[in-house]
Each structure stands twice: as C-alpha cells, then as structure tokens.
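# Coordinate analysis (summary)
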Amino acid sequence: MTSTSLLWFRRDLRLGDHPALAAAADHNHRVLGVFVADDVPLDASGSPRRAVLARTLAALAQAMDGRLLIAHGRPRSVLPRLARAVDADVVHVSADYGPYGRRRDEQVQRALQDAGVEWVATGSPYAVAPGRVRKSNGERYAVFTPFYRGWTDHGWRKPARSGSGVDWVDPGEVDGITAHDPQEYARTVPAGMSLPEVGEQAALDGWRTFRDEALDDYDGDRDRPDRPGTSHMSVYLKWGSIHPRTLLADLAGRRSTGAASYRRELAWREFYADSVFHLPESVWTSVDPVIDRMAWDSGQPAEERFEAWRAGRTGYPFIDAGMRQLLAEGWMHNRLRMATASFLIKDLHLPWQRGAEHFLEHLVDGDYASNNHGWQWVAGSGAQAAPFFRIFNPLTQGEKFDPSGDFVRRYIPELRDVPGRKVHRPWELDGGVPAGYPEPIVDHADERAEALRRWQQRG
Ligand code: FAD
C-alpha cells in the first residue's frame, strides 16, 4: 500500500504558492487534505469571520474537487486518529505563530509522536516567520523602522510552485471519521451585512485589479476612505487565500512610491506578528503598562456612550460612518480604524481592550496581532505606539481625508442630502442637525483636555 501524507490546513487555505503542500506532495504522492474545525478558536470568532471561513473552506474544497476533509474536534485527538485511518506517516503544516496555535501545535506534536507520526512544518502565513528577524545581539526589534530594515535585509523565498498534480485522498475513503460541511460552521451574519467574495481565485483577481489599477497611486490614496485606494487583501491574508510572498514578488518589479509604501504596510503585519511571538500576553495586556494606570470610565454614561460608538451614533459623522462601515461590511478603512479607536479611548475614556473586542466581533479580517496591536498603537501602549497625546480630531480627520463628504454620505443615510464638506459639521447647518441623526454625544475639545489631564495624572 502506498503511504500517505496528511496536510493539515489552518491559515493557508489555498493551493498555489503553498510550500507545505509542495513538501507533502514530495514526501508521498497521495495527500489527505484536512481542516479541523476546533471549537476553541471558532467560539472566539464573530459571525462575519466564521461566515468568511466557511465560505473560504467551501471554495478550497471546490478547488480540490471536493477532496477536502473537514473534521470536527480537538486537533490533538483528531489528527492521530486520522493518521491511523489513512496510514499516514507524516503530518505537514504551515507553522502557526499565534499564542493559541503554538500551544495547540505543541500538544498535537506530542500526540503524533506517541503515535509514531512525523510532524513537518514548512512556511508560515508571513514572508518572514515571526521571531526570525532579530538584532545582531539576538534581541527582538521593539521599533518598526529598524525591524523593517532587518526584515528587508532578511528577504524571503520566491513563490513556491503550485500544488497541482497532487493525488488527493477522497475523504469518502476514510473510515471512522465524520466529514462535515463547511456551512455547519457559519453562523448567521448580522442582517444587512454584505461579505466580500472569498477564496484563492477571488484573492488573486482582487490583487491583480488593485496592482494594475491602484497600486501606483497607493501612497497618496491609501488615506482616502472615499476612494478605492487600498487593496482589501486583509481578509485573504487572514486565511491564507493568498500569501504575502505572492504580493511581494509582484512589488519587486515596481519602482513607484505606491509599491514601496505597500511593502511597508505588509511589513507592519509582520512586525505585529513578531511582537506577539515575543510577547504573547500582549494580545490583551498593554505592552506599556503605564496606560493601565490611567483613570478609565465605567458605569453610566460611559456604557451608553459605548453603545452609541458601536452603533455609529456618536453625532460625529466621520466616526459614525466608519463604525457603520464595520457593521455593513465587516471591514473598515485603516484611517477610520485609527480615528474611531482614538475616539473611544480619548474622547470616551474607555480602555482599548473594549474597542478591540468589538472590532474582532465584526471584522472579517479580525486578527489578534494586527487588531490588538493596532489598538495599542492608537492607545499609546503598544510595541511601537503613537504617543498618548496624539489625539485624532474627529472633525478635521473627516475634512482632510473625506474632503467632499462622499464617504460619510455613503454610510449615513440621515445626512445624504447635506452637500459637500458641510456634512462633517451637521450642527452648523441652518436647519440644525437633520432629523434622525444625533447631536454630538460629547464635546471633542473638552474630552481632549480631559484625556490629557488624566494622562498627566497617571500613576
Ligand atoms: P491595504 O492598505 O491595502 O494594506 C495591505 C495589507 O497590509 C493589509 O491587507 C494588511 O495585511 C497590511 N496592513 C496595512 N496596514 C496595516 C497596519 N496598520 N497594521 C498591520 N497590517 C497592515 N488589519 C488586519 O488585517 N486585521 C485586523 O484585525 C486589523 N485591525 C486593526 C485595528 C486598528 C485599531 C488599526 C488601527 C488597524 C488594524 N488593522 C488590521 C490594520 C489595517 O487597518 C488593515 O490591515 C487594513 O485596513 C486592511 O485593508 P486593506 O487590505 O485594504 O489594506
């Protein structure tokens, strides 16, 4: 009997440029591809992220002619059982560097070792694996710019050859394991939410369109939520429908400032993953604990204001448009992620973790490293953060980055008839704030002064 490799898919849900798949196919011609639906991360994922995962799995299964086995349970018990069932001598994976993934993989490796099955990790969801870029003395980089230099100098492989020609084992041949339908893991998404197209082909199509039509202008347009200036690759990078190496290989041939700027943004994703690799507790704990010693609000009216922020009803149109974009699409433009986070922390005086949780609940690209460190960057508590006293002004942010008001009008129907940039200050309109839209829940100038006062009085 020919022996079989097991390829355990996790955050690498694609067939192209997949080093672990190439390694599995090289090792044994026959490969059983499996995704294990594990309740621990699933239960921690909001319904938009679960829906996207389910659809991404369905797209992958289709690309494999239905030969993707979706098993349910704890990986440490499912994988040894599967290996036994198909007589596999090896399990191939792309390494996972998240705190839960690392703990889980240690347990799985022990269980496989007991069963006499080899574990081979090839590649990761990053161009350079977290932990690999270090200072000459072996320490981690705590600051982005030198990390970026070290990361660029380290370099990355060329895209791996594709996994076509693999002899996938038919899951129907595997005895004693129940195969599941990906849709079982999709929870109903909030009414009215539209999700992006998913899967490897959608990722490649989206990337090529962006590369050919918008990349060269990225440097100027990436801050403009009213323009289609960013790539929307985050949801695909989250699940590995596309690998950053594929994007970097295309950037290599381009000399535009847009391409240079895009490479730098990809490096932020790698920097945050590296920070979490070295400081796993920093997912929910402030890297700089000084921020936790500040006075934060609780009870009323803080909770009511938190609800207004979540619903996009703060009375500040730019902030509300961002929060409603999140509810409508499960995605928010980066400029808005920064502005709405600053508003929660510095205008409403609520701890960054509350906002990070809300984002993770709704974002289709929700990622602990990029999200929680993005929040810490805004809070001023992160690995390399903006200082606390950098407080985004919700009015001037809107006027600068949405100068004609088109972005606000797209998401706030109550303000649809307000022309031009006036839409950013509805309380200055002749007829007052249009019906149905709230008055500002706080005064930005007062709350800015209050935030700075609390900062000065921190312990
Ligand atoms: P593009 O501008 O096209 O950027 C290309 C890619 O570069 C992105 O897909 C992403 O992988 C990476 N990137 C860009 N900016 C950043 C950044 N600041 N930090 C890390 N990576 C970056 N990104 C996530 O992928 N998941 C999150 O959960 C997440 N939460 C965030 C929360 C806050 C408070 C902030 C300030 C930022 C967060 N980001 C997060 C980073 C960034 O906002 C998104 O990656 C970006 O908006 C995704 O859209 P895009 O793919 O069109 O980005």
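In this text, all values refer to a predicted model and were calculated from it rather than measured experimentally.

### Brief notes about the domain arrangement of the chain
The domain architecture assigned to the chain consists of domain 1 (4-124), domain 2 (126-157 + 200-278) and domain 3 (289-456). Between domain 2 and domain 3, the C-alpha centre-to-centre distance is 26 Å. For the pair domain 2 and domain 3, the summed buried area comes to about 1900 Å², and 56% of that belongs to carbon and sulfur atoms. Contact with domain 3 buries surface across domain 2, with Asp223, Pro225 and Tyr272 losing the most and accounting together for 33% of the total. Linking domain 2 to domain 3 there are one salt bridge. Between Asp223 and Arg335 there is a salt bridge, with the nearest N and O atoms lying 3.1 Å from each other.

### Notes on the pairing of strand E4 (residues 88-93)
With five of six residues buried, E4 is to be regarded as a mostly interior element. Both strand E1 (residues 4-9) and E4 contribute to a ladder of four bridges, which runs parallel. Looking at the pairing, Ser5 lines up with Val90 of E4. As defined by bridge partners, E4 adjoins strand E5 (residues 118-121) across four bridges and the pair is classed as parallel. If you follow Val93 over to E5, its bridge partner there is Ala121. Since E4 and E5 lie parallel, the crossover through helix H5 (residues 99-114) that links them has a hand, and here it is right-handed.

### Some words on the UniProt feature "domain: Photolyase/cryptochrome alpha/beta" (unreviewed entry) in the chain
The UniProt entry lists residues 3-127 under the feature "domain: Photolyase/cryptochrome alpha/beta" (unreviewed entry), expressed in the numbering used here. Span residues 3-127 is 47% helix and 23% strand, its end C-alpha atoms 31 Å apart.

### A few points about the side chain of Thr56
For Thr56, the position within the fold is in helix H3 (residues 47-63). Of the residues examined, Thr56 reaches a relative accessible area of 2% and is grouped as buried.

### Here we look at the site of the ligand
Close to the ligand lie 26 residues; Tyr218, Thr230, Ser231, His232 and Asn334 are nearest. The separation between a nitrogen atom of the ligand and a polar main-chain atom of Arg269 is 3.5 Å. Burial of the ligand by the surrounding chains reaches 95%, relative to a free accessible area of 810 Å². At the level of elements, helix H9 (234-239), helix H11 (257-278), helix H14 (334-347) and helix H16 (368-379) are the ones that each hand at least two residues to the shell around the ligand. Considering every element that reaches the shell around the ligand, the biggest residue donor is H11, with six residues. Partitioned by chemical class, the residues of the shell around the ligand number 12 nonpolar, nine polar and five charged. Per-domain counts for the shell around the ligand show at least three residues from each of domain 2 (126-157 + 200-278) and domain 3 (289-456).

The rules we used
Residues numbered from 1 in each chain as written. Predicted model: local features only at pLDDT ≥ 70, side-chain atom pairs only at ≥ 80, totals over all residues. Heavy atoms only, no water. Domains from an automatic or database assignment. Buried area = accessible area lost by both parts, 1.4 Å probe. Salt bridge = Lys/Arg side-chain N within 4 Å of Asp/Glu carboxyl O. Buried < 20%, exposed > 50% of the residue type's maximum accessible area, 1.4 Å probe, protein only. Helix = DSSP H or I, 4+ residues; strand = E, 2+ residues; numbered from the N terminus. Pairing = 2+ DSSP bridges. Right-handed = clockwise from strand over helix to strand, strands pointing away. UniProt positions renumbered as here; feature names shortened; annotations may be inferred. Near = heavy atom within 4 Å. Polar contact = N/O pair within 3.5 Å; in protein donor to acceptor, adjacent residues only side chain to side chain. Areas by Shrake-Rupley, 256 points an atom, 1.4 Å probe, with all protein chains shown as cover. Nonpolar A, V, L, I, M, F, W, Y, C, P; charged D, E, K, R; others polar.

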